[in-house]
Amino acid sequence: MSATATAPKTYTWGTGRRKTAVARVRIAEGTGQFIVNGLDAREYFPLEVQQTDIRAPLKATEMTERVDVWVNVVGSGKPSQSGAVVQGLARALKEFRPDIDEALRAGNFLTRDARMVERKKYGHKKARKSFQFSKR
């Protein structure tokens, strides 16, 4: 191996879920770039709230400029996808540096939001809404 060759990057993975969205997050030491589905995070999540949410685990652990983040996320809508990214990123950070576990738990980034859409029941118009009742 030559003196100019660099060691290959080591990646840390984390998976996050929210409703039906699944995010696979990969992090490595770097300069702070954040790529979601091949786009910059600001392009993929145009709302300021979502941009703030997905960077919250990095900010809480002061890792914003120290790691590069790549995300593949599918399913559901953008708000749920951002929630899945948060959980996946937190899990990857915990694997990357186990000593930051307390900061991630304090921010509730590792907790899975179990709320799902309730299924439609037979004899009803939707999950709980009934058909209109007519007495006559």
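Residues numbered from 1 in each chain as written. Predicted model: local features only at pLDDT ≥ 70, side-chain atom pairs only at ≥ 80, totals over all residues. Heavy atoms only, no water.

Novice: Whenever I open this one, the sheet that holds strand 3 (residues 34-36) confuses me. Can you help?
Specialist: Consider a sheet: its strands pair through backbone hydrogen bonds, and that pairing is either parallel or antiparallel. Taken together, the five strands give an open sheet; going across it, the order is 1-2-5-3-4, and neighbouring strands pair in mixed fashion. Looking along the sheet, the strands with just one partner apiece sit at the ends: strand 1 (12-18) and strand 4 (39-40). (Pairing = 2+ DSSP bridges. Helix = DSSP H or I, 4+ residues; strand = E, 2+ residues; numbered from the N terminus.)

Novice: Is there a simple way to explain the nonpolar core in this structure?
Specialist: Most often, soluble globular proteins keep nonpolar side chains buried together rather than apart. In terms of nonpolar packing, the biggest core is built from 27 residues, with Phe34, Val69 and Val71 touching the most fellow members. Of all elements in the fold, only strand 2 (21-29), strand 3, helix 1 (41-44), helix 2 (48-60), strand 5 (67-74) and helix 3 (78-96) reach the threshold of two or more residues within this core. Sort the elements by how many residues they give to this core and helix 3 lands first, with seven residues. With near-sequence residues (within four places) excluded, Val71 lies in contact with Ala23, Arg24, Val25, Phe34, Ile35, Val36, Asn37 and Val85. (Core = buried A, V, L, I, M, F, W, Y, C linked by side-chain atoms within 4.5 Å. Buried < 20%, exposed > 50% of the residue type's maximum accessible area, 1.4 Å probe, protein only. Contact = heavy atoms within 4.5 Å.)

Novice: Whenever I open this one, the pairing of strand 5 confuses me. Can you help?
Specialist: Every regular strand shows the same layout, with side chains that alternate between the two sheet faces. Most of strand 5 sits out of view: six of its eight residues are buried. Relative to strand 5, strand 3 runs parallel, the two being bridged by three bridges. Across the sheet, residue Phe34 finds its bridge partner in strand 5, namely Val69.

Novice: Where do I start with the pattern of salt bridges in this structure?
Specialist: When the charged atoms of two side chains lie near each other, side chains of opposite charge can form a pair. Counted by the stated rule, this structure contains seven salt bridges. In this structure, Asp113 and Arg18 form a salt bridge, with 3.5 Å as the shortest nitrogen-oxygen distance. You can see Asp113 sitting in the segment after helix 4 (101-106) and its partner Arg18 sitting in strand 1, a full 95 residues away along the chain. In this structure Asp113 comes out as partly exposed when scored by relative accessible area, which is 23%. Residue Arg18 is classed as buried on the basis of its relative accessible area of 15%. Residue Asp99 pairs with Arg97 through a salt bridge whose shortest N-O separation is 2.8 Å. Its relative accessible area of 56% is what places Asp99 among the exposed residues. The network of salt bridges with shared partners includes Arg18, Asp113 and Arg115. (Salt bridge = Lys/Arg side-chain N within 4 Å of Asp/Glu carboxyl O.)

Novice: Please explain the packing of aromatic side chains as it appears in this structure.
Specialist: Two descriptors summarise a pair of aromatic rings, namely the distance from one centre to the other and the angle between the planes of the rings. The full count for this structure, using the stated rule, is two aromatic pairs. Where Tyr11 meets Trp70, the ring centres are 5.7 Å apart and the plane angle is 80 degrees; that geometry is what we call edge-to-face. Linking Tyr11 in the segment before strand 1 with Trp70 in strand 5, this pair joins segments that are 59 residues apart in sequence. Exposure remark for Tyr11: the relative accessible area of 36% places this residue in the partly exposed category. (Phe/Tyr/Trp six-rings, centres within 6.5 Å; stacked < 30°, edge-to-face > 60°.)

Novice: When you look at unusual backbone geometry in this model, what are you seeing that I'm missing?
Specialist: It is generally the case that most residues other than glycine have a negative phi and that most peptide bonds are trans. Positive phi values are uncommon outside glycine, yet Asn37 reaches one of about 50 degrees. In this structure, Asn37 sits in the loop between strand 3 and strand 4. Of note in the backbone geometry, Asn108 takes a positive phi value of approximately 60 degrees without being a glycine. Asn108 sits in the exposed class, given a relative accessible area of 53%.

Nothing here speaks to function; it is geometry throughout.
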